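Structural overview for review
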Amino acid sequence: MCIRDSLVIFLLVICFLHYSGPWSKFEYVPFLTAFALCLAVVMAFISKQNKHPDEYVHVAAAVYYQDHWKPPVIGSEVERSSYSVYGFSRLHTGEIAYILAGKFLWIIKPLGLDKYIGCRLFNLLLFFVLFLFCLKYEIFRVFMVPLLLVPQTWYVFSYFNSDAFALFVSLIGGYQLANSKSLLHQYLFSDLQLRSLVGLLVSAMIFGCLLLIKENYYFFDLFLLIYFIWAVVFKKISVTRSIITRIIAVVLLGTSVFAVFKGADYAVNGLSMNQKLTAIRELHADYPNKLSTPLEKKHPFRHLKERGVPLKDLVVEKKCLHKLFFSSFGQYGYGAINGSPLYYRLVSTVGIMITSIFILLILFYGGLANRCLLFIVMGLSSSLLFAAVYHAWVIDFQCQGRYLFPMLGMVAVLLHEVRHRIPLQALHPLVC
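Right, let's walk through the structure included here. (Residues numbered from 1 in each chain as written. Predicted model: local features only at pLDDT ≥ 70, side-chain atom pairs only at ≥ 80, totals over all residues. Heavy atoms only, no water.)

**As for the pattern of salt bridges**
Between side chains of opposite charge, a pair can form when the charged atoms approach closely. Within the structure shown, the criterion is met by six salt bridges. Of the charged contacts, one joins glutamate 55 and arginine 120 as a salt bridge, the two residues approaching to 2.9 Å between their closest N and O atoms. With glutamate 55 in helix α3 (residues 55–66) and arginine 120 in helix α5 (residues 115–136), the pair connects residues that are 65 residues apart, well separated along the chain. Across the salt bridge formed by aspartate 67 and lysine 109, the nearest N and O atoms sit 3.9 Å from each other. With a gap of 42 residues between them, aspartate 67 in the loop between α3 and α4 (97–107) and lysine 109 in the loop between α4 and α5 connect regions that are remote in the sequence. (Salt bridge = Lys/Arg side-chain N within 4 Å of Asp/Glu carboxyl O. Helix = DSSP H or I, 4+ residues; strand = E, 2+ residues; numbered from the N terminus.)

Put into C-alpha cells, the structure is as follows:
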C-alpha cells in the first residue's frame, strides 16, 4: 500500500468517526471492532491449513475433545497427532480452551465443515461476542481499546489457538471485576435474587477459566488479586462480612471447576503424570529438541544461557525486544510475513506517543489511587516482559508478542478507572 492510499484511508476513517458519536463515550470502538472482526473472518476462510503457528497441534487437541470428556492416557494412539516437534501435547497443558472448542465442534458437526474451519469458527465466535459486548455495554468499549491497538490480537482470533480464549477470558474477567454494573457486582452488592445467582455462576465460571488458561496469564490473575486489594484500600469496594461470604462462594465454585478439570488428568494418568510426560517427550520430540540430545546438536535457538550467550547479547545483538515488538504489531504465519519498515516506524511512533501521554495524564490528573494503580500495571507488565525475555534466554528463543497479551487486560482495567479523571481528547485521534 502506497502513502497516498494510506492517507486516503486515514481521512475516510477520521470523517467516518467524526459522525459516529461523542468521543467521550468511545462510540468509534464498535465500528473499529467490526472492521477488525471482518479482517479476522477473511483470514480464517482464505488461509490454508496449518499456515499459522502450531495450528495443527491446537486443532488436534480440540478434535480429540469433540467425542471425549476425559483427557487421554499419555502415550496412547488417540493422542499421537497432537504432539508437536518438541514432544508436547496440548491435551496435557491444563487449558480448558480445547475441551470448549471440542464441544463446539460437536455442536456444529452436522454442518460437515472442515476441522480447521470449525476450530477457527470457535475463535471467531469469541471475537463476535466481544463485538456484541461493545454494542450493548458502553463501558466495555473501554476494555476493547487496548485490543484494537494491537493488530496481532486480531490475528490470533483468525486461526485456532488457545491464546484467543485466554485473551477473551481476561477481558471479560477484568470487566466483571472493575465494572460496578457487572453481574459480579450485582451478586456481591444486591439482594439475593435470580439475577444475583446467575452472577454467582457466571463469575465462578470466569474465575475457574482464569485458572485454566495459558501460564503467562497468571500475571493477569495476580493483577486481578492486587486490583481487588487496591479497590478495597481506596474505598472503591466496601467489604462487609456478607460480601466476604459471597466472594468466598465465587472462589470455591471457581476452584472446583479448576479442581475437576485438573483432577481428571491425574485420575486418568496417575500422580506420576509429569514423569510420564517427560518420557513421552523424549520419545516423540524431533532429535534437535530431545532432552537427551547433546547441547551442541540441539536447535541453535534453544538453551542460549547454557550455551554461554550473555543476556545482554540476547537483547542487543539478537534483538529480542525488537522481535517482541514486531510480532505484537503485525507478523503472520510462522514469522515469515511482515509489514514494511515504514509501518513499524509509524506504529512505534504513535505507540510511544499514546503511552507517554497516557502516563503523564495519570501522573498529573489521576490522583493518588490511580497513580498507584498505574505503578501496579507498570510493575506487573515489566515483570511479564522480563519473564518472556528470560524464557527466550533459558529455554527457547521464541520472542512472540502474544506472550505479552496479558498486559492488555491490565491496561484495559486501568483505562476504565481513569477515563473520567483524565482528559482523553489527545488520545482518541492517536488511537484511531
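**Some thoughts on the side chain of serine 182**
Residue placement: serine 182 occurs in the loop between α8 (163–178) and α9 (183–189). Here asparagine 179 takes part through its backbone oxygen, which lies 3.0 Å from a polar atom of the side chain of serine 182. Apart from the residues lying within four places of it in its own chain, the contact partners of serine 182 are Tyr175 and Gln176. (Polar contact = N/O pair within 3.5 Å; in protein donor to acceptor, adjacent residues only side chain to side chain. Contact = heavy atoms within 4.5 Å.)

**Some details on the nonpolar core**
It is characteristic of soluble globular proteins that their nonpolar side chains tend to be buried jointly. One finds Phe127, Leu130, Met144, Leu147, Phe157, Phe165 and Phe223 to be the most contacted residues of the largest nonpolar core, which totals 97 residues. Element by element, the count of residues in this core is highest for α8, at eleven residues. Ignoring sequence-local partners within four residues, the contact set of methionine 144 consists of Val29, Thr33, Phe127, Leu130, Cys134 and Leu171. Counting residues in hydrophobic clusters, the runner-up holds 15 residues, among them Leu304, Ala388, Val389 and Ala392. (Core = buried A, V, L, I, M, F, W, Y, C linked by side-chain atoms within 4.5 Å. Buried < 20%, exposed > 50% of the residue type's maximum accessible area, 1.4 Å probe, protein only.)

**Structural notes on α4**
Burial analysis of α4 places eight of its eleven residues in the buried class, which makes it a mostly covered element. For α4, the secondary structure elements touched by its buried residues are α3, α5, α8 and α12 (241–269).

**Brief notes about helix α13 (residues 273–284)**
Across its twelve residues, α13 extends 16 Å between first and last C-alpha, which sits within 8% of the 16 Å expected from 1.5 Å per residue. When α13 is considered as a whole, its buried residues turn out to be Met273, Ile280 and Arg281. Axial view of α13: buried residues confined to an arc of 110°, hence all on one face. For α13, the exposed residues set more than 90 degrees away from the buried face come down to Gln275 and Leu283. On its buried face, α13 is in contact with α12. (Expected span 1.5 Å × (residues − 1). Arc of directions from axis to C-beta.)

**Details of the packing of α8 against helix α11 (residues 218–233)**
Across the interface, α8 lies against α11 with an axial gap of 11 Å and an inter-helix angle of 5°. In terms of orientation, α8 and α11 fall into the roughly parallel class. Counted together, Ser170, Gly174, Leu177 and Ala178 of α8 and Phe220, Leu224, Tyr227 and Phe228 of α11 form the full contact between these two elements. A per-class count over the contact of α8 with α11 returns six nonpolar, two polar and no charged. (Axes fitted to C-alpha atoms, helices over the stretch in contact; angles between N-to-C directions. Parallel < 35°, antiparallel > 145°, perpendicular 65-115°, else oblique. Nonpolar A, V, L, I, M, F, W, Y, C, P; charged D, E, K, R; others polar.)

**Digging into unusual backbone geometry**
Note: most peptide bonds trans; most residues except glycine with negative phi. If you check the backbone angles, asparagine 50 has positive phi at about 55° while not being a glycine. The class of asparagine 50 is partly exposed, set by a relative accessible area of 26%. Although it is not a glycine, aspartate 54 adopts a positive phi angle of roughly 60°. As for its position among the elements, aspartate 54 is in the loop between α2 (29–46) and α3.

**As for the packing of α4 against α5**
Taken N-terminus to C-terminus, the directions of α4 and α5 make an angle of 115°; their axes are 9 Å apart at the nearest point. Here α4 is positioned roughly perpendicular relative to α5, judged by the angle of their axes. By crossing handedness, the relation of α4 to α5 is classed as right-handed. Only Lys115, Gly118, Cys119, Leu121, Phe122 and Leu125 of α5 make contact with α4, whose side of the interface consists of Ala97, Leu100, Ala101, Phe104 and Leu105. (Left-handed = near helix turned anticlockwise from the far one by under 90°.)

**Some details on the environment of serine 89**
Here serine 89 is to be found in the loop between α3 and α4. By relative accessible area, which is 7% here, serine 89 ends up buried. Sequence separation between serine 89 and alanine 61 is 28 residues, and the spatial gap between their C-alpha atoms is 7.7 Å. Apart from residues lying up to four places away in sequence, serine 89 is in contact with Glu79, Ser82 and Tyr83. Polar contacts involving the side chain of serine 89 include one to the side chain of serine 82, which spans 2.7 Å.

Remember that the coordinates give geometry; whether it matters functionally is a separate question.
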